[in-house]
Amino acid sequence: MKSEIMLLNLFLPRTRGECIAHFRNMLQLTQIELSRQVGMDRSNISKMENGDITVSETVWTHILNMIYRDFDIEMELPFGDFRNTIELFIQKEYETSRREEKWNEQRLSWEQETSI
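Source: prediction; values computed, not measured. (Residues numbered from 1 in each chain as written. Predicted model: local features only at pLDDT ≥ 70, side-chain atom pairs only at ≥ 80, totals over all residues. Heavy atoms only, no water.)

*Asks:* Tell me what's going on with the side chain of S35, and back it up with residues and numbers.
*Replies:* Relative to the helices and strands, S35 is located in helix α3 (residues 31-38). On the basis of relative accessible area, S35 is assigned to the buried category, the value being 5%. Among all residues touching S35, those that are not within four sequence positions of it are M40, D41, R42 and I45. (Helix = DSSP H or I, 4+ residues; strand = E, 2+ residues; numbered from the N terminus. Buried < 20%, exposed > 50% of the residue type's maximum accessible area, 1.4 Å probe, protein only. Contact = heavy atoms within 4.5 Å.)

If you want it as structure tokens, here you go:
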């Protein structure tokens with residue numbers, strides 16, 4: 001399990017949107033091709049990848065299924081376990097980065113108060 005976490009840290013982006021872009025590139029798909037597969041505008045795929053809008057459940061499930069099938073992960077573990085592992089990692093990273101962001105905001109606030 002420890003080696004799996006290390007690999008996730010090395011190779012997996014930190015947000016769902018970044019994962020969509022990463023996985024799409026691994027699958028050698030353009031945003032247009034993915035948008036056609038899921039029935040939405042290419043601009044929405046771009047916005048999801050950039051974090052401008054929330055990744056839709058349709059796109060998230062579709063891209064995870066493609067990675068799961070195309071890279072034969074199905075031979076190693078059930079889809080639910082694969083999805084949960086990815087989502088737990090992303091959630092943990094989001095919470096960590098959010099805590100760091102809040103800490104930096106608080107520290108900046110203290111610095112501003114003491115410099116007045």
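*Asks:* Go over the pattern of salt bridges, please, and point to the residues and values.
*Replies:* Summed over the entire model, instances satisfying the criterion amount to five salt bridges. Here E49 makes a salt bridge to R24, at a shortest N to O gap of 2.6 Å. Pair noted here: E49 is in helix α4 (residues 42-50) and R24 is in helix α2 (residues 16-26), with a separation of 25 residues, a long-range link. One salt bridge in this structure joins E87 and R83, with 2.8 Å as the shortest N-O distance. Of this pair, E87 and R83 both sit in helix α6 (residues 79-114), four residues apart, which is roughly one turn of that helix. Residue class for R83 comes out buried when judged on its relative accessible area of 15%. Look at the salt bridges and you will find they share partners, linking R16, E57, R83 and E87 into a network. (Salt bridge = Lys/Arg side-chain N within 4 Å of Asp/Glu carboxyl O.)

That's the geometry; what it means functionally is another story.
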